[in-house]
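Tertiary structure, described
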Amino acid sequence: MAAPGDAPPPVVYTMENKPIVTCAGDQSLFTSVYPTLSLQLPREPMEWRRSYGRAPKMIHLESSFVQFKEELLPREGNKALLTFPFLHIYWTECCDTEVYKATVKDDLTKWQNVLRAHSSVDWLIVVIENDAKKRNKTNILPRASIADKIRNDFCNKQSDRCVVLSDPLKDSSRTQESWNAFLTKLRTLLLMSFTKNLGRFEDDMRAVREKRTEPGWSFCEYFMLQEELAFVFEMLQQFEDALVQYDELDALFSQYVLNFGAGDGANWLAFFCQPVRSWSGLALRKPIDMDKRELVRRREASLLDLRSYLFSRQCTLLLFLQRPWEVAQRALGLLHSCVQELRLLEVSVPPGALDCWVFLSCLEVLQRLEGCCDRAQLDANVAHTVGLWSYATEKLKSLGHLCGLVSEEGPDSEDLNRTVDLLAGLGTERPETANTAQSPYKKLKEALSSVEAFQKHYLDLAQASMDMYSSIGRTRSAKLVGKDLAEFHMRKRSPQKAELYLQAALKSYVAEGWALPVTHTRRQLAACQKLLGQLEDYLQTSSLLASDGHLTEDERRYFCQEVVSCAQRPPDSPGRRILLPLESFAQLRELSFRPAGGAVHVGGTLAVDVTLSSRMPAPVPLEQLGLRLHFSAARGPAQPRTSSPSPCPPPLAARGGSPAPELHAVLERSPSDGDGALASAGIICRNVHLLLRAPEPAPGPDAPTRLVLEDGPHALHREGLTLQPGDNLVSFQTQAAEPGTYTLRQLWASLGPVCFLLPRLPPPAQYDVYSQEPQLHVEPLADSLLAGIPQRVRFTVTTGHYTVKQGDSLQLSNVDAMLVLWDADRRASVYSSDREKTSDTTLRVQASDRVTSIGLPAAPAYHVIEFELDVLSLPSAPAASESIGEAARPPWTTQDAQGAEPRMATTDHKVSIDCPWSIYSTVIALTFSMPFRTTHALLSAGTRKYVQVCVQNLSDLDFRLSESCLLDTEGSADLRLVPLHTQALQRLHSRQTLFFVWELLWGRPPPPALQCRFSLGFTPDAQERAPVALRPYTYDFRLEGFFTLYTVCAEIRPPPGAEHCRTGALCSLEVAVTRLSDLLEADRDEALAQGQEQLPTRLLYEVVDNSSNWAVCGKSSGVFAMPVAARATHRVRMEVMPLFAGCLPLPDVRLFKYLPHHSVHSAQPDADSWIENDGVSVDRPADEDSGSVRSRGSAHPAGSGEHRGLPMPRLQALPPGQVFQASAGRQVLVLPSGDDHVLEVSVT
Amino acid sequence: MAVCVAVIAKENYPLYIRSVPTESELKFHYMVHTSLDVVDEKISAMGKALVDQRELYLGLLYPTEDYKVYGYVTNSKVKFVMVVDSSNTALRDNEIRSMFRKLHNSYTDVMCNPFYNPGDRIQSRAFDSMVTTMMIQVC
């Protein structure tokens, strides 16, 4: 510490600066107190309240105490703050009034006057009391008196400006106390002084700053001013505040430069625009670079000087603040902005000078950081420093280029001159780094000294920044530095080193899909590979480049030519092939087969059409274009895939692009309303997940797939092609040899030793070669064959591998019921396998009794022979399988009841055909349908009988009908059938029905049964003339019991006295059953069964009203005996009640034959009769059971459940021909009753 | 204003990149690609905190001597990178932010186009002209 005795002017700008406190009065006294004072002062922190709302701070105060001299007091206008004495202390030990009056008071007055003259109000008088001293004197005033006197004399209102320090050198509590009070006072006063003086200083400073627009204002002056403040803050250990001062200066300067750029130039800036003559870089090792500061003060600093100085101060403060990484960050910004500012101010800079400056500065910053942080810290904060590293690398690189150190030849004289100039601008090395081996200065000097040294330094730097980038995961940046390195190596003609970097960079660009960098890097790689003589890789890169759209046409042509010329060069090792992926060379766009199905028979010709889109910019002559096939032999007899559309491979063009959207219409019908109104309609896309998928970056074409050219016997070739740019259609022709499946595996294009290979065809495409057995197909032309008329049938002979020779024929074995018809001019056609007609010849047909021989025209293998023949199936006579009862129902009701179209009856004819290629016969079944459906019915009118035949046309054809005829086949002479219909030709249209009626007349008692045959001639209406005589259609049926035995006559009469029936009123129903004849043939068996006697026939009647018009009161059914005699009549009377008004049909009266249980059948019950009696005991149509019989109180005549298992009387229905309902169709008028709203119904 | 504007897909391939002058296109491609390092770094550094704050602007990615590279990342991790000439000192953070916001809006419009397949290169004319205005506008 500055000793109080010798007081040199303490303007030393080091960190050791402390606020100055002057000491006046008793110097020896002060010297004795000084050690304790300097020790005690900083011990306790003191809160410093700041003006302008700045946050208060706790600071530890330190001071340097100097002897008071008048020169120390600042003169008016002196703005130096560092030398400013903040406090003046007067020390005295005086305890004697006399002495005080004699000397001390004068001294004090003088001191005060000096201070006042300099308007300094920061002073303190310290009175030290010493007990020991006091004791020696006798005339001692009370202790406080001197202090009081001084207070009285000097501190007129500031009594606190005088402090008493008791026995400072003793160790007592009183001493301690007084020390504490003194120190507190001292600190307080110091801080007050700071606040006041700094405040005043700041105000002055601000005033100066406000004048900055005035013409004479100087930035340097202001700089020095504000820096004073910074120094003081630094002195007070307030680094943050100090840094703020520098940052403000920095910002102010930057703003001026910007304004200058915007045209608002300040005069003083012109000074900074002087040409740059020195570029020695930042100097950060000294806390204050006095040389630079002096330059600034003298206004001689260049922009770089100012910036360097400013930054060195900022750096120092930041390091004090333990923020080294901010230094690195700010350094990068500073370097960038310096370069920008020089450019903006249009300062003339020799080429390379800035590079030197930046390089040196980067290294300086980095070394400074290394100097203050340990290794681990540095490694952990590479992210902050790596920018400086790479910036330095970049700059060194450009210096190398500038000085000719990168080129292969080394620097020429011009380069050397430039180097010398650059080195001159560096000046001499600074003394502080002179002893450092690796100082930036030495590094740069060495690097510029020789090519080798440059290479070493450059590679070191580049490697270092690359490693750093990699270590913090900035791979892309590392790759970029690597690329620079590669460029360097390429210039140095060491491509083997460059290749690795280029490959790595290329891989990254390809992986992330950056086209332009890919192209650029690939071009560099090509040059590198060419130098290295990596023929294969070079060709691949060249082909990729030749197809690269980002290159110019000329460059592409060049690389294309490289590929072609390389291929034409004689191979260095014969037989060696260079396999390259095809994708870079050309693209397979489409592949199709001719014939389209991709199926060809043995010996046939197949073409594979390949559309290859060449990506080369120029036509490329190909030696060979080939398709490698994989063959798998056919299993079993191969069949041609005639369902051809599917195996055709989809067009390849769709690949690569997005899949086509599959759209489906969606219609939604509202379920609530029955009319199915449309609720919503829309389109949905079924494969959204495919379409809306973000495309992955396409994997690079040089993905490491091993290219292997497969070997094999099966391949298709084309030689001597020239591939034009764009799409090329290449057709491969092949003669199918061995049957089997051929899968297209690889596509290759070869030029000399170079072979571009597509290792797998993307969708597997294959074609089949088949060998086929000859085959014969016979099929009708129409949907179905109709019996009875000529029908056309097509014969198809698929020859397969068999060659049909002249004279080969098909032998058809004749079937009786089917005729084969032909004309003389029937023709047979021969088609090739792709349905082209090759010949057309007349068909030769010869027929004998048993065999029809059809001569085939000669046809080569794998052809198709087609011809047509007519066949005629003779209509057979379907027997009337229906029972009479069912047939009796009119056909229209039948149709309605079934509700479905009746199916046509069919007949099958099997034809056996002998083919020339086989020893086995082919059996072909032809199914013919009967176009008609026939039903018959027996109709009665009293005793007269009519036969009705109903013919229904089920086919789609119209027919002409003729010669309808009904014959009694048993030929009983008495019987005559008289047609009641016209005999003329009749038309029967499709789906129509025609009825024929005959009256049955007989003389003698008629036979019980009649066998009839109905026959009908028919020809198709469309056909003019039947080619052959057609057989008539026949229909056989049998009529039984057709003679009328009983007449049933019913009559309803109104109640007596009434004119008409009324609803709800009982009417009488009278039923009369009359037998018309004596015993007849038809009746006889029944009678005989009763024994030889003529027993009366027991009959059961039943009154049923199915339409619920009538209510039958009392018994509705009953059994009576009817004598077997003509005109025998039985009458039944019962009560019925009409339920409705109107014309009502009469209720039905049914008649059954009643067979008592003791009859023959029941006497010997067998299994059949048991079954017959089980459940249904009445032989009548089952459906009538369900009909509700409104028979009041009448039990069902025939037993139901309770009779089960017991022998029961049986009922037998009479044949419909035997009962004549005389009253059928009659109606009775029923009037509504007067008060019909009450209807009494009594149920018993 | 901006000398290069790039839109980069989540998978780091360029969806759109345009620069003026065109002769230094390659340089800008390299620059934008390299800047992805810093983008990745910033995205992983901010982690969830910034996602919650919906702060999409990444700020200055890195300065070079001549250019400043700024970044912005959408919620779907699509990145916008803008390169600005260093000498263009009039551009403050706020301007850059608003430019990015404009870019984002325009990009959203592109995405809303039903005929645009996400992941395809952006060829929208509206987007292009918006970028043009950002590039031409001289401050």
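I will try to describe carefully the structure that is included in this document. (Residues numbered from 1 in each chain as written. Chains lettered and ligands numbered in written order. Predicted model: local features only at pLDDT ≥ 70, side-chain atom pairs only at ≥ 80, totals over all residues. Heavy atoms only, no water.)

1. Things to note about unusual backbone geometry
Residue and element names in this part refer to chain A. Non-glycine residue arginine 299 carries a positive phi angle of around 55 degrees. Overall, the relative accessible area of 36% leaves arginine 299 in the partly exposed class. Backbone geometry at arginine 493 places phi at a positive 60 degrees, although glycine is not the residue there. Exposure remark for arginine 493: the relative accessible area of 48% places this residue in the partly exposed category. (Buried < 20%, exposed > 50% of the residue type's maximum accessible area, 1.4 Å probe, protein only.)

2. Thoughts on the sheet that holds strand S36 (residues 986-988) of chain A
All names here are of chain A. A sheet is described by the order of its strands in space; here four strands give the open sequence S36-S34-S38-S39, paired in antiparallel fashion. Two strands close off the open sheet at either side, each with one partner strand: S36 and strand S39 (1033-1040). Strand after strand, the sheet turns through a mean of 35 degrees between neighbouring axes, direction not considered. Judged from the eight bridges that link them, strand S38 (residues 1009-1020) and S39 form a sheet pairing that is antiparallel. Each bridged residue has a counterpart across the sheet, and for leucine 1010 the counterpart in S39 is leucine 1039. (Pairing = 2+ DSSP bridges. Helix = DSSP H or I, 4+ residues; strand = E, 2+ residues; numbered from the N terminus. Axes fitted to C-alpha atoms, helices over the stretch in contact; angles between N-to-C directions.)

3. Quick look at helix H14 (residues 382-402) of chain A
Residues and elements named next belong to chain A. Between its first and last C-alpha atoms H14 spans 29 Å; for 21 residues at 1.5 Å apiece the expected length is 30 Å, and the two agree. Across the 21 residues that make up H14, a large majority, 15, are buried. Glycine 404 occupies a position one or two residues after H14 and carries a positive phi of about 65 degrees. (Expected span 1.5 Å × (residues − 1).)

4. As for the environment of valine 1132 of chain A
Residue and element names in this part refer to chain A. Residue position: valine 1132 is located in strand S46 (residues 1129-1138). Since its relative accessible area comes to 8%, valine 1132 is described here as buried. Once residues lying within four places of it in the same chain are set aside, the contact partners of valine 1132 are Leu1069, Glu1070, Val1071 and Tyr1101. (Contact = heavy atoms within 4.5 Å.)

5. Section: helix H18 (residues 475-491) of chain A
Residues and elements named next belong to chain A. For H18, which comprises 17 residues, the first-to-last C-alpha distance of 24 Å matches the rise-based estimate of 24 Å (1.5 Å per residue) to within 8%. Within H18, the full set of buried residues consists of Arg476, Ser477, Ala478, Val481, Gly482, Lys483, Leu485, Ala486, Phe488, His489 and Met490. Just downstream of H18, arginine 493 is the residue with a positive phi angle, here 60 degrees.

6. Overview of the sheet that holds strand S3 (residues 57-63) of chain B
Residues and elements named next belong to chain B. Across the sheet, which stays open at both edges, the five strands sit in the order S2-S1-S5-S4-S3 with antiparallel pairing between neighbours. Every interior strand has two partners, whereas the edge strands, strand S2 (14-19) and S3, have only one. Ignoring which end each strand starts from, the neighbouring axes of this sheet average 15 degrees apart. Across six bridges, the pairing between strand S1 (residues 2-8) and strand S5 (residues 79-85) is antiparallel. Of the residues in S5, the one forming a bridge with cysteine 4 is valine 83.

7. Remarks on the side chain of lysine 397 of chain A
Residues and elements named next belong to chain A. As for its placement among the helices and strands, lysine 397 is situated in helix H14. A residue is classified by how much of its surface remains accessible, and lysine 397, at 19% relative accessible area, is buried. Not counting chain neighbours up to four residues away, the residues in contact with lysine 397 comprise Val406, Phe454, Tyr458 and Asp484.

8. A word on the nonpolar core
Residue and element names in this part refer to chain A. In this structure, Leu37, Trp91, Phe182 and Phe219 are the most contacted members of the largest nonpolar core, which totals 149 residues. Two domains each put at least three residues into this core: domain 1 (20-213) and domain 2 (219-473). Excluding residues that lie within four positions of it along the chain, tryptophan 91 makes contacts with Cys23, Ala24, Gly25, Asp26, Leu29, Phe30, Val33, Leu37, Val126, Ile128 and Phe182. The next biggest cluster of nonpolar side chains, apart from the first, holds 63 residues, and it includes Ile789, Val793, Ala828 and Leu1016. (Core = buried A, V, L, I, M, F, W, Y, C linked by side-chain atoms within 4.5 Å. Domains from an automatic or database assignment.)

9. So, the pattern of salt bridges
All names here are of chain A. Using the criterion set out here, one finds 48 salt bridges over all chains in the structure. For the salt bridge of glutamate 227 with arginine 293, the shortest nitrogen-to-oxygen distance reads 2.7 Å. Separated by 66 residues along the polypeptide, glutamate 227 in helix H6 (residues 219-235) and arginine 293 in helix H9 (residues 290-297) bring together distant segments of the chain. Considered together, glutamate 227 and arginine 293 belong to a single accessibility category, that of buried residues. Two residues, glutamate 326 and arginine 323, come together in a salt bridge whose shortest N-O distance is 2.8 Å. (Salt bridge = Lys/Arg side-chain N within 4 Å of Asp/Glu carboxyl O.)

The values are spatial; any link to function lies outside them.
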